[in-house]
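Coordinates in review
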Amino acid sequence: MKSKHCKIIPVISLLAFFSLVFSIPASADKTVKILILPFNIHSEKDMSFLREGIADMLSTRLTIEGESLPFSRDATLLAIADLSETSVTEQIAVSLGEKLKADYVLYGSLTVFGDSISTDARFYNLREKKNMVTFHETGKNNSDVISHIDFFAAEIKEKVFGYKSDPALTLRQPSRKTPVDESRRHPDALWNESRKSGKIPAEDSEDFSAAPQAVSEAATAQPSVKSGAVWKSKTFNIEIRGLAIGDTDGDGTNETVFVNEKDVSVYRYIQERFIKIAETEGSAFYSILGIDVADINKNGKAEIFVTAINSSSRGLLSFVLEWNGTQFEKIVDNSRWHYRVLNIAGQGTVLLGQKSGVRDVFSPGVYELKWEGGDYVSAAAQQLPRGLNVYAFTYGDVLNNGQERLVAFTRSDYIRIMDREGNEEWKSNETFGGSTIYIEYPAEGAASIGNVKEMDNFYLSPRIIIADTDKDGKNEVFVIKNADMTRRLLSRFRMFRSGMIACLAWDNLGLHEKWKTSEVSGFISDFAIADMNNDGQNELVFSAVTKNASVLGKAKSFIAFQNLGK
C-alpha cells in the first residue's frame, strides 16, 4: 500500500513557468537549448554563493548567437522548485531536461576538502542519450574554479559545437606520469580505488560473519568479531537515515520502519523476504532527521515518530503516524518537538522531547512526553547536565551496581559516563558514534553578506542502547563506531570509510570492547536491538549506507540483522 500525495501548483506559478520557458527565442531550428542545473556543493564551509556564480559563468560562455542558448536563471529555478532530492543525479538532470524540452543538460559538483578543490561536471545530449563531455579537474583554492569553468566550456564548444579552443586552454591536462597529490583527488575516486584494492570491503558483500576470537576480560584485550547468522536486505537506492522496529498495526508481529530524507517506509520480514507494507511520500519542504517507534498512547499500535525540519527555515515540522486500519495517517502534524524513544529498565518505553532554541540549536530542557488531548505534551522535565541534548544520551545500570548512570556522546563523539548532576565517572579516549545528519545554525563570529550569515553544522549523535543481550545478568552498551576519513577535524564535513557496531562492557576501570560486528563499507546510519524476524528473539538490526548520492549516481543503502546470544 502506498499513499500518494497530489501537489497543487498555483496557476500563477504555472503561467510564469511556461512564460519563462517559451520566451526563449526560437529564431531558427538550429538554435539548441541548454539547461544548466545548479552544481552540488560539498564543503565544510558554506560556499553556496559559488552555485549561482558557476551557473552564470557557464551561461555566458555557452551562449552562441544562432547556435546555442541556455535557459534563463528564473526558468531553471522554477523547473527545480519541486525537486525533493538534495543532490542532482544524472537521472534527475535528464528528467528535468526532458521536461523543459532542452537539447542538452549540464550538471556537476564542486568538492572542497582542506586546501584543495575539485570540479566534476557532465554535458549530456538528451536526443542521443549520452554524455558528450565529462570533465574533472582539481585546484588549490577557490579561484581555480574560474579556470575550471573556462576549460569545461571550451571543451563543450570544441567537441559539441566545433569551435576551436584557445591554445592556452588546451594545456590543462597534467602528464599522466606526474605523481598524484592524494589530498587533491576527488573523494569518490579515492573511495572507488580503495574498494578495488581491497582496503574497503565491496558494498555488495552479504557475508558479514567471521570466525570468533578468544575474548579476554581485560580492558586492553583485542575484542572479538561477533559471529552468527547474518541476513541482508536488497540494496535500496536511497540514503537510509534511521530505522526503528515495532508492532505498528497491532497484529502481534513487528514491522521495520526506516526513513530517507523525505519518505517513511514500512516493511515486514516474512520467511527471509523483506516485504513493503506501506510507504508515505514526503514533501520538498522538509528534511527528516530521525525515526522512532513506540506505543505511547497505549492503544495496542505503535506510533511512528518522525522528527523533521523545514528545509529552508530550519524550524521543526515533526509528525506522528499511526495505522488506522487501512493506511498510516498523521495523528500529529507540524510538531515542534525533537523526538527520541528510550527503553529504560524498570520504566519501559519512554518518549522524550526537546524543542529548538532561538539562538542555539536546542532550547534548554528535555521532557518526557505523554499522550493527552490528541497530542504529545510535556509531563516531566528530565534532570540532566547542562548542554546535553535529547539525541546524545541514554541512562541505565551501565556499571552493573544497581545505580543509574547517564551514558552520553560529547560533540566530538567521545563517550562519557556520569550522574544526573554531570559528575563524570569515565570518558573514552577514542571516538565512537559518527553521523552525517546535521542541523545548520549561525556560526559564532561568522561573516555576513547582507542578511545571509555563514552557517555551521551541528551533527546529531546516533543512538546509544543499554541491554543485557547475552542474559548473563550484566548490561552492555551498544554504540555505532564509524571511521571518519577527516578524523572529526572538519566541523562542516564528514566522510566515513567504514562502520561497525561495538558492544562495550564495564570492568570497574572503564568500558572496553567486548565484541564488535564486522566492518561494512560506508557507514552505519542507525541500529536497533529488537525482534525483526518475529522469531521471539531479539536481533541486532542496523542500516548501512554504502554510497552517498552524487553526480556519479544514486545513494545505496541496505538493512541487515545479526543473531545475538551467548
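What you are looking at is a predicted structure, and each value in this text was computed from that prediction instead of being measured.

**Considering the sheet that holds strand S16 (residues 318–323)**
Strand order in this open sheet of four strands is S14-S15-S16-S17, and the pairing throughout is antiparallel. Two strands bound the open sheet, and with one partner strand each, they are strand S14 (286–294) and strand S17 (328–335). The average undirected angle you get between the axes of adjacent strands in this sheet is 20 degrees. Bridge count for S16 against S17 is five bridges, and the pairing is antiparallel. From the neighbouring strand, Val 320 faces S17, where its bridge partner is Val 332.

**Thoughts on the sheet that holds strand S20 (residues 367–372)**
Strand order in the open sheet made by the four strands is S18-S19-S20-S21, with antiparallel pairing throughout. In the strand order of this sheet, the two ends are held by strand S18 (338–344) and strand S21 (375–381), each with one partner. Here the strands of the sheet are splayed against their neighbours by 45 degrees on average, with no regard to which way each runs. Where S20 lies against S21, six bridges are found, and the strand directions are antiparallel. Pairing of Lys 370 across the sheet is with Val 377, part of S21.

**Considering the packing of aromatic side chains**
Under the counting rule described, the total for this entry stands at 26 aromatic pairs. Judged by centre distance (5.8 Å) and plane angle (65 degrees), the ring pair of Phe 478 and Trp 515 falls under edge-to-face. On the criterion of sequence distance, the pair formed by Phe 478 in strand S31 (residues 476–484) and Trp 515 in strand S33 (residues 511–516) is long-range, its members being 37 residues apart. Across the pair, exposure class does not vary: Phe 478 and Trp 515 are buried alike. Judged by centre distance (5.6 Å) and plane angle (50 degrees), the rings of Phe 496 and Phe 523 are tilted.

**A look at the nonpolar core**
One broad rule of soluble globular proteins: the nonpolar side chains tend to lie buried together. Residues Ile 54, Leu 58, Leu 106, Phe 123, Phe 152, Ile 156 and Phe 161 are the most contacted members of the largest nonpolar core, which totals 29 residues. Secondary structure elements with two or more residues in this core: strand S2 (32–36), helix H2 (49–61), strand S5 (104–113), strand S6 (116–125), strand S7 (130–139) and helix H5 (144–159). A per-element tally of this core places H5 first, with six residues. For Ile 156, the residues in contact, after removing those within four places along its chain, are Leu 62, Leu 106, Phe 123, Val 133 and Phe 161. One finds Leu 352, Tyr 395, Ile 439 and Leu 460 within the second-largest nonpolar core, a separate group that totals 25 residues.

**A closer look at the pairing of strand S15 (residues 303–310)**
Here S15 lies mainly inside the structure; eight of its eight residues are buried. Pairing analysis gives eight bridges linking S14 to S15, with the strands arranged antiparallel. Within the sheet, the bridge partner assigned to Ser 287 lies in S15 and is Ile 309. Where S15 and S16 come together, three bridges link them in antiparallel fashion. Considered in S16, the bridge of Phe 305 is made with Val 320.

**What about the side chain of Ser 543?**
Within the fold, Ser 543 resides in strand S36 (residues 539–547). One polar contact links Ser 543 to Ser 525, side chain to side chain, over a distance of 2.7 Å.

**With respect to the pattern of salt bridges**
Inspection of the entire model under this criterion finds 25 salt bridges. In this structure, Asp 150 engages Arg 61 in a salt bridge whose closest nitrogen and oxygen atoms are separated by 2.6 Å. Here the residue Asp 150 occupies a position in helix H5, and Arg 61 occupies one in helix H2, the gap between them amounting to 89 residues. Judged by relative accessible area, which is 25%, Arg 61 ranks as partly exposed. Here the salt bridges share partners, and the residues they tie into one network are Asp 249, Asp 251, Glu 255 and Arg 268.

**Side note on the environment of Met 495**
Its location among the elements puts Met 495 in the loop between S31 and strand S32 (496–506). Among the residues examined, Met 495 registers a relative accessible area of 17% and is labelled buried. In this structure, the C-alpha to C-alpha distance between Met 495 and Asn 482, residues 13 residues apart in sequence, is 9.5 Å.

**A short note on the confidence of the model for the protein**
With 78% of its residues at a pLDDT of 70 or more, the protein shows a mean pLDDT of 82. Counting interchain partners and residues more than four positions distant, the pLDDT-below-50 stretch residues 1–28 has 32 contacts. In the predicted structure, residues 170–221 sits below a pLDDT of 50 and forms 79 contacts with residues beyond four places in sequence or in another chain.

**Describing H2**
For H2, built from 13 residues, the straight-helix expectation of 18 Å at 1.5 Å per residue is met to within 8% by its first-to-last C-alpha distance of 19 Å. Listed as buried for H2 are Leu 50, Ile 54, Met 57 and Leu 58. Along the axis of H2, the buried residues cluster in a sector spanning 95 degrees; they form a single face. For H2, the exposed residues lying more than 90 degrees away from the buried face are Phe 49 and Thr 60. Of the surrounding elements, those touching the buried residues of H2 are S2, S5 and H5.

**Section: H5**
Each α-helix winds once per 3.6 residues, and so residues spaced three or four apart point in a common direction. Between its first and last C-alpha atoms H5 spans 23 Å; for 16 residues at 1.5 Å apiece the expected length is 22 Å, and the two agree. Taken together, the buried positions of H5 are Val 145, His 148, Ile 149, Phe 151, Phe 152, Ala 153, Ala 154, Glu 155 and Ile 156. Check the buried side of H5 and you find it contacts H2, S5, S6 and S7.

Reading the values: rules and limits
- Residues numbered from 1 in each chain as written.
- Predicted model: local features only at pLDDT ≥ 70, side-chain atom pairs only at ≥ 80, totals over all residues.
- Heavy atoms only, no water.
- Pairing = 2+ DSSP bridges.
- Helix = DSSP H or I, 4+ residues; strand = E, 2+ residues; numbered from the N terminus.
- Axes fitted to C-alpha atoms, helices over the stretch in contact; angles between N-to-C directions.
- Phe/Tyr/Trp six-rings, centres within 6.5 Å; stacked < 30°, edge-to-face > 60°.
- Buried < 20%, exposed > 50% of the residue type's maximum accessible area, 1.4 Å probe, protein only.
- Core = buried A, V, L, I, M, F, W, Y, C linked by side-chain atoms within 4.5 Å.
- Contact = heavy atoms within 4.5 Å.
- Polar contact = N/O pair within 3.5 Å; in protein donor to acceptor, adjacent residues only side chain to side chain.
- Salt bridge = Lys/Arg side-chain N within 4 Å of Asp/Glu carboxyl O.
- pLDDT = per-residue confidence, 0-100.
- Expected span 1.5 Å × (residues − 1).
- Arc of directions from axis to C-beta.

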